[in-house]
There are 2 protein chains.
Amino acid sequence: MLKPTKPDLILDGAIAEFLERGYAAASMDRIAARAGVSKATVYSHFQSKENLFVALIERLVKSKFLVLLEPGQIEAVVDVPPDVFLRELATKILEQPSNDPDLTNFMRMVVGESGRFPELAKAFVSALTATGLRSLTFYFKACPHLEIADPEATARVFVGAIAHFIITQHILYGAEIIPMAEERLINTLVDLITG
Amino acid sequence: MLKPTKPDLILDGAIAEFLERGYAAASMDRIAARAGVSKATVYSHFQSKENLFVALIERLVKSKFLVLLEPGQIEAVVDVPPDVFLRELATKILEQPSNDPDLTNFMRMVVGESGRFPELAKAFVSALTATGLRSLTFYFKACPHLEIADPEATARVFVGAIAHFIITQHILYGAEIIPMAEERLINTLVDLITG
DNA sequence: GTCTATATCGCGATAGAC
DNA sequence: GTCTATCGCGATATAGAC
């Protein structure tokens, strides 16, 4: 499509503005300017700043950052050795912040606004965390020779260790304070789970 | 002391305001009102909103939330069985959000403002995450019969799994979407590490 | 539908009396 | 040191022409 619709232009401008400044500091004037439309046009499509923000985050949750773990990916690889599969999975997740720098600011905003926008936080958990945990739990159950007593809790440990590593190292700039090679985390995690 | 100083009154008011609304939406008028002083008095002690915010977060990082893991605590218990010790440690950390509800909003704010206040994020990582990891790494090294190949990375897994559980369940309201008893995480984590 | 122009308000920060 | 009163600005949101 050569001519994107105005709402799409507005949402694109809003992404940049909100991700850069956060909800409260984002300006509807700047969003309109970035989109190349007037402020009145923004308000004719989204009735308020809060409406625009909610529509935006829901769009981001549903489309842009859903690639992390697609349900179909895991079921197809039950024949690969578990340590190889888990190592690849961990590597792929840890690469995400480098592949899409927006992801870092997006997580900052979801966490930062979770107290004032609980529904958005829940949408994030449902779409990303819950989906990933469900897939990984399914995989652990499908690998009976791993003898995992509690597949669901084991998935929490795996995802939690990796997600917190990303939060600490990249989002909170811990890489400059307590650096650690990703391989060490991956090796330790895979060894713990596959024995 | 019967009469708290003005700066302390101001900081107390600022805590509530910033934790409730976040940096950008916090109002210097409301902070002054909460502290029971005039706005000019606030500016005479802290030259700007940003200065006040930085002073506040540094105070919170250094004092209020440092109780999580004191360095002296771990060294004294090398004779307790590791599984018992790790279980108690995990339980204590997981209880923190209930013991101090401010902790939840504090973590929301540190993560949410980390892009615009990187130094505060680093102060948080240095004071809390790094301290906790250092203590736990020391403990793992002092338990040679656990045969931990990489104590530092193992500490990351332990702390990361628990911290991410808190973030998902409490900060992002995941408890309503993907509930899980804390015991299951603790059991799984301790079993993985102590074999 | 989209624009320009404006209404209304609260913000961070300060001047000046006491 | 602390107050009252205020400045200048940019915010969200809207009215009305086209």
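Keep in mind that this is a model prediction, so the values were computed, not measured.

Asker: Would you take a moment to explain the relation of the copies chain A and chain B for this structure?
Answerer: Both copies of the chain are placed relative to one another by a rotation about an axis and a shift along it. Overlaying chain A with chain B gives an RMSD of 0.1 Å, the required rotation being 180 degrees about an axis along which the chain moves by 0.0 Å. Taken together, these values place the two copies in the relation of a two-fold axis. Taking C-alpha positions as reference, the residue of chain A nearest the rotation axis is glycine 112 of chain A, located at 1.8 Å. Here 100% of the contact residues of chain A are again contact residues in chain B; the copies associate through an equivalent surface.

Asker: Would you take a moment to explain the interface of chain A and chain B for this structure?
Answerer: It is common to give the size of an interface as the accessible area that goes away when the parts come together. Listed as interface residues are 52 residues of chain A and, on the opposing side, 52 residues of chain B. Contact between chain A and chain B buries roughly 4200 Å² in total, counting both sides, with carbon and sulfur atoms accounting for 70%. For the chain A face of the interface with chain B, the top three residues by lost area are Arg156, Leu172 and Leu192 of chain A, together amounting to 16%. Connecting chain A to chain B are six salt bridges.

Asker: Would you mind going over the protein's contact with DNA strand D with me for this structure?
Answerer: Near DNA strand D lie 16 residues; those nearest to it are Asp29, Lys39 and Tyr43 of chain A together with Ser38 and Thr41 of chain B. Within 4 Å of the protein, the atoms of DNA strand D are drawn from sugar and phosphate moieties in a proportion of 61%. For DNA strand D, a phosphate oxygen lies 2.9 Å from a polar atom in the backbone of methionine 28 of chain A. Contacts to DNA strand D include lysine 49 of chain A, whose backbone N or O atom sits 3.0 Å from a phosphate oxygen. Broken down by secondary-structure element, the contributors of at least two residues to the surface near DNA strand D are helix H2 (28–35) and helix H3 (39–45) of chain A together with helix H3 (39–45) of chain B.

Asker: Teacher, can you tell me more about the protein's contact with DNA strand C here?
Answerer: Around DNA strand C there are 15 residues in total, and Thr41 and His45 of chain A together with Met28, Lys39 and Tyr43 of chain B lie nearest to it. A breakdown of the atoms of DNA strand C within 4 Å of the protein gives sugar and phosphate a share of 62%. Here a phosphate oxygen of DNA strand C sits 2.8 Å away from a polar atom, N or O, in the main chain of methionine 28 of chain B. Within the side chain of lysine 49 of chain B, one N or O atom sits 2.9 Å away from a phosphate oxygen of DNA strand C. Residue classes in the surface near DNA strand C are distributed as six nonpolar, five polar and four charged.

Asker: Got a minute to help me understand the domain arrangement of chain A in this structure?
Answerer: Residue and element names in this part refer to chain A. Domain annotation for chain A reports domain 1 (1–47) and domain 2 (57–194). Averaged C-alpha coordinates put domain 1 and domain 2 at centres separated by 31 Å. Taken together, the contact between domain 1 and domain 2 spans nine residues of the former and eight residues of the latter. Where domain 1 abuts domain 2, roughly 720 Å² becomes buried across the two surfaces, and 69% of that area is made up of carbon and sulfur atoms. Looking only at domain 1, the three residues that lose the most surface to domain 2 are Ile15, Leu19 and Tyr23, adding up to 73% of its buried area. The interface formed by domain 1 and domain 2 includes two salt bridges. Ionic pairing is found between arginine 59 and aspartate 12, a salt bridge with its closest N-O pair at 3.1 Å. Linking domain 1 to domain 2 there are two residue pairs in polar contact (both at pLDDT 80 or more). By residue class, the composition of the side of domain 1 that touches domain 2 is six nonpolar, one polar and two charged.

Reading the values: rules and limits
- Residues numbered from 1 in each chain as written.
- Chains lettered and ligands numbered in written order.
- Predicted model: local features only at pLDDT ≥ 70, side-chain atom pairs only at ≥ 80, totals over all residues.
- Heavy atoms only, no water.
- Least-squares fit on C-alpha atoms with pLDDT ≥ 70 in both.
- Contact = heavy atoms within 4.5 Å.
- Buried area = accessible area lost by both parts, 1.4 Å probe.
- Salt bridge = Lys/Arg side-chain N within 4 Å of Asp/Glu carboxyl O.
- Near = heavy atom within 4 Å.
- Polar contact = N/O pair within 3.5 Å; in protein donor to acceptor, adjacent residues only side chain to side chain.
- Helix = DSSP H or I, 4+ residues; strand = E, 2+ residues; numbered from the N terminus.
- Nonpolar A, V, L, I, M, F, W, Y, C, P; charged D, E, K, R; others polar.
- Domains from an automatic or database assignment.

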